[in-house]
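Single-letter residue listing:
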Amino acid sequence: MSESIIIAETGKGSVSAVTAELVSAAIALGTSPTVVVPCTDASMADNAGYDGVSRTIAVKGACFENYDAASWASAIDAAAPSGIIIAAATPQSKDIAARIAAKRNLSVVQDVVSIDGMNLTSPIYSGKAMQTVAISGDSVISVRANVFPAASSAAANVSVVDQSGDVSTAVQEIMARASARLDVSEANIIVSGGRGMGSPENFSHLEKLADVIGAAVGASRAAVDTWDDIPHSMQVGQTGKTVNPNLYIAVGISGAIQHLAGMRSSKYIVAINKDADAPIFAHADYGIVATWEEALPVLESELSSMMS
Amino acid sequence: MKNVPNIVVLVKRVPDTNARIVVSGDRVDLSAVKWVISPYDEFAIENALQHKEAAGGSVTALTLGPAGADKVLKDAKAIGVDEIVRVWNDSWSEMDSNGIQSALAQAITDLGAEVVYCGKNAADTGAGSTGPGIAERLGWASVSNVTDVTFEGGLTVTTPVENGSARVSVSGNAVVSCDKGNIKVRKPNVKGIMMAKRAQVSVVSADAPSATVTIVSQTPPPAKPAGKKYEGGASAQEVARLLRDEANVI
Ligand SMILES: Cc1cc2nc3c(=O)[nH]c(=O)nc-3n(C[C@H](O)[C@H](O)[C@H](O)COP(=O)(O)OP(=O)(O)OC[C@H]3O[C@@H](n4cnc5c(N)ncnc54)[C@H](O)[C@@H]3O)c2cc1C
Ligand SMILES: Nc1ncnc2c1ncn2[C@@H]1O[C@H](COP(=O)(O)O)[C@@H](O)[C@H]1O
């Protein structure tokens, strides 16, 4: 069996759950995966053991204190054996994937959503088409979250490699997000509002629903552009964030092609819109033709009684 | 970086984001689409022009593509870049990322650039590979998804981090991949459009390794089964139940 190297996704000081999905992707490719965990404290790798993974390498280096593309790629590259490299399709890991591919003179295939032998499929033209490519020999790929099942945990067989890289960027200042809310790019459920919300104050209704179900709050570009209080970081779509949650609830959003570009691959889509002909309904698993004023309170109270 | 930077901005020709993408046979048929500068590249151009205005130097817009890609270079010229360069070799067809990045990196070296701005991803590939990949090939720093750039006392950029965003200073040569941010992009004015009409595209050549990733097929997105649609706010109760019992997402 050929070898693959999984770059563990990390965040908040631990290995993220999506790493277990990468193991299933590696197995779908018919490869035998080694998991590489970039860290400053090797104990972080102790939880990075999975069924089907015989080896976990903790790459321990000072450069992993803050994200710096060049040094991360260089340290991970030095510690990782050859083989197909698999990362999560998050902004940071796609960045590292691209750099490691370039370092090894390989090609990179980003945002893989299905694997069939050595054929990999990714969305192109913002999801308006799909492209299947064949890889020959080693390459680097990134895999979208919520596509492959998570491999089960197992005891990790960890070896530690001390390896850092030259850092050429320096963090001057961290600006913490104003709200403690989840970011749309990290959330499994997203409640998004559009121009149909009528005012930025009305987004508080979306926040209430989001709090009930542990969701992030997103927005359409019309909402972001119209209201200063709705920051661009909330924008979903072509010029906002691409999201792939289990559930996307679009409220007062018409469903313009550029909005769909950012969220159409969501597993389930709910649309609340007063216009029965709004294009969003063509993409919704569950559509509610009603004003949000009518529908949201019902949805919120029903979901909150389910959650309790 | 020298005192007066030699700035390159990468611009890519992509179908207008409103365009319908039609698949015929097993390839996307782009014969009828309107072509535009990839949306994030507009922010890259704006940042490059602001860099020049703050530090001097010159801005060269660079694209890799066939002659049809000249249009986006002229569009960039109309917005205000100084030089426009297209890298191409008639033997190239469906290139993989390794080929595209090698050729662009070579052209950037030949241009003697010290800083490169590009889009965080292109509207066709959505990949976000080119900026960091080129930086690696050039041995440069790179920062991606940049929402703000300042030039006083060296290059400082704003980029998202786990709990918000960080202001990061960059030493040495760098590739900056640009997200939308709060800057307003300037639009071409009449004088710019006139200058762009007369502007000459310099066409340069480069080498590219042959592709190891080959396109098997391009297909329409999988059709979603028709959803369920309900009238009236009270139906939200039924939808909530379905989210739990049918979709299992709650
Ligand atoms: C290059 C480019 C990039 C773009 N990028 C993005 C992007 O990243 N993200 C994005 O979202 N857009 C993007 N757009 C803009 C996009 O084309 C649309 O203009 C935008 O998505 C519309 O936002 P909206 O649905 O909130 O507003 P509208 O289209 O105005 O829709 C509002 C909807 O709310 C409904 N409504 C009104 N009142 C109520 C009520 N009381 N209850 C329930 N429903 C109500 C209406 O029926 C309507 O369907 C981009 C456009 C371009 C050209
Ligand atoms: N063929 C090309 N010519 C010029 N610039 C390109 C080309 N391909 C990619 N780029 C630049 O790299 C960015 C990211 O592209 P991608 O890696 O394809 O998502 C684009 O927004 C452009 O700025």
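In this text, all values refer to a predicted model and were calculated from it rather than measured experimentally. (Residues numbered from 1 in each chain as written. Chains lettered and ligands numbered in written order. Predicted model: local features only at pLDDT ≥ 70, side-chain atom pairs only at ≥ 80, totals over all residues. Heavy atoms only, no water.)

> Honestly, the site of ligand 2 in this entry has me stumped. Any pointers?
Residue and element names in this part refer to chain B. In the neighbourhood of ligand 2, 16 residues make up the surrounding shell, with Asp-41, Ala-122, Thr-125, Gly-128 and Thr-130 lying closest. At 3.2 Å, a backbone N or O of Ala-127 approaches an oxygen atom of ligand 2. Expressed as a share of its isolated accessible area of 480 Å², the protein-covered part of ligand 2 is 97%. Breaking the shell around ligand 2 down by element, the ones donating at least two residues are strand 6 (58-64) and strand 8 (115-119). Take the shell around ligand 2: its biggest share by element is three residues, from strand 6. When grouped by side-chain class, the residues that make up the shell around ligand 2 number seven nonpolar, seven polar and two charged. (Near = heavy atom within 4 Å. Polar contact = N/O pair within 3.5 Å; in protein donor to acceptor, adjacent residues only side chain to side chain. Areas by Shrake-Rupley, 256 points an atom, 1.4 Å probe, with all protein chains shown as cover. Helix = DSSP H or I, 4+ residues; strand = E, 2+ residues; numbered from the N terminus. Nonpolar A, V, L, I, M, F, W, Y, C, P; charged D, E, K, R; others polar.)

> What should I look at first to understand the sheet that holds strand 15 (residues 216-219) of chain A in this one?
Across a sheet, paired strands are connected by hydrogen bonds in the backbone, their directions being either parallel or antiparallel. Strand order in this open sheet of six strands is 15(A)-14(A)-16(A)-17(A)-18(A)-16(B), and the pairing throughout is parallel. Of all strands in the sheet, those with a lone pairing partner are strand 15 of chain A together with strand 16 (228-231) of chain B, marking the two edges. For this sheet the average axis-to-axis angle between neighbouring strands, irrespective of direction, equals 15°. In this structure, strand 14 (residues 189-193) of chain A lies alongside strand 15 of chain A, joined through four bridges in parallel fashion. Residue pairing across strands places Gly-193 of chain A opposite Ala-219 of chain A, the latter belonging to strand 15 of chain A. In this fold helix 6 (residues 236-245) of chain B packs onto strand 16 (247-251), strand 17 (268-273) and strand 18 (286-289) of chain A together with strand 16 of chain B, with an angle of close to 170° to the strand it touches most, strand 18 of chain A. (Pairing = 2+ DSSP bridges. Axes fitted to C-alpha atoms, helices over the stretch in contact; angles between N-to-C directions. Contact = heavy atoms within 4.5 Å.)

> For this particular structure, what's the right way to read the packing of aromatic side chains?
Between two aromatic rings, the relevant description is the distance of the centres plus the angle of the planes. Residue and element names in this part refer to chain A. Taken as a whole and assessed by the stated rule, the structure comprises six aromatic pairs over all chains. Taking 4.9 Å as the distance between ring centres and 85° as the angle between the ring planes, the aromatic pair formed by Phe-64 and Trp-72 counts as edge-to-face. Residue class for Trp-72 comes out buried when judged on its relative accessible area of 6%. Each ring, one from Tyr-67 and one from Trp-72, has its centre 5.1 Å from the other, and the planes form 70°; the classification is edge-to-face. (Phe/Tyr/Trp six-rings, centres within 6.5 Å; stacked < 30°, edge-to-face > 60°. Buried < 20%, exposed > 50% of the residue type's maximum accessible area, 1.4 Å probe, protein only.)

> Sorry if this is basic, but what is going on with helix 3 (residues 91-103) of chain A here?
Three- or four-residue spacings in an α-helix give side chains the same orientation, since the helix completes a turn every 3.6 residues. All names here are of chain A. For helix 3, with 13 residues, the first-to-last C-alpha span of 19 Å sits near the 18 Å given by 1.5 Å per residue. Within helix 3, 10 of the 13 residues are buried, which leaves it mostly tucked inside the rest of the structure. Burial in helix 3 covers these residues: Ser-93, Lys-94, Asp-95, Ile-96, Ala-97, Ala-98, Arg-99, Ile-100, Ala-101 and Ala-102. A positive phi of about 55° marks Asn-105, the residue just after helix 3. (Expected span 1.5 Å × (residues − 1).)

> Looking at this structure, how should I read the site of ligand 1?
Looking at ligand 1, there are 26 residues lining it, with Arg-195, Ser-220, Gln-235, Ser-254 and Gln-258 of chain A nearest. Ligand 1 sits at a junction of chains, with neighbouring residues supplied by chains A and B. Here a nitrogen atom of ligand 1 sits 3.0 Å away from a polar atom, N or O, in the side chain of Glu-293 of chain A. Contact with the protein chains removes 78% of the 980 Å² of surface that ligand 1 exposes when unbound. Class assignment for the residues of the shell around ligand 1 results in six nonpolar, 15 polar and five charged.

> Can you help me understand the pattern of salt bridges in this one?
For the structure shown, the criterion picks out 28 salt bridges over all chains. The salt bridge partner of Lys-208 of chain A is Glu-300 of chain A, with a shortest N-O separation of 4.0 Å. With Lys-208 of chain A in helix 4 (residues 203-213) and Glu-300 of chain A in helix 7 (residues 292-307), this residue pair connects regions lying 92 residues apart in the sequence. Among the residues examined, Lys-208 of chain A registers a relative accessible area of 48% and is labelled partly exposed. Put simply, Arg-241 of chain B and Asp-245 of chain B hold a salt bridge, and the shortest N to O gap is 3.4 Å. (Salt bridge = Lys/Arg side-chain N within 4 Å of Asp/Glu carboxyl O.)

> In this structure, what is going on with helix 1 (residues 18-28) of chain A? I would like to understand it.
Residues and elements named next belong to chain A. Among the 11 residues in helix 1, nine count as buried, and that is most of the element. Burial in helix 1 covers these residues: Val-18, Thr-19, Ala-20, Glu-21, Leu-22, Val-23, Ser-24, Ala-25 and Ala-26. With its phi angle positive at about 75°, Gly-30 sits one or two positions after the end of helix 1.

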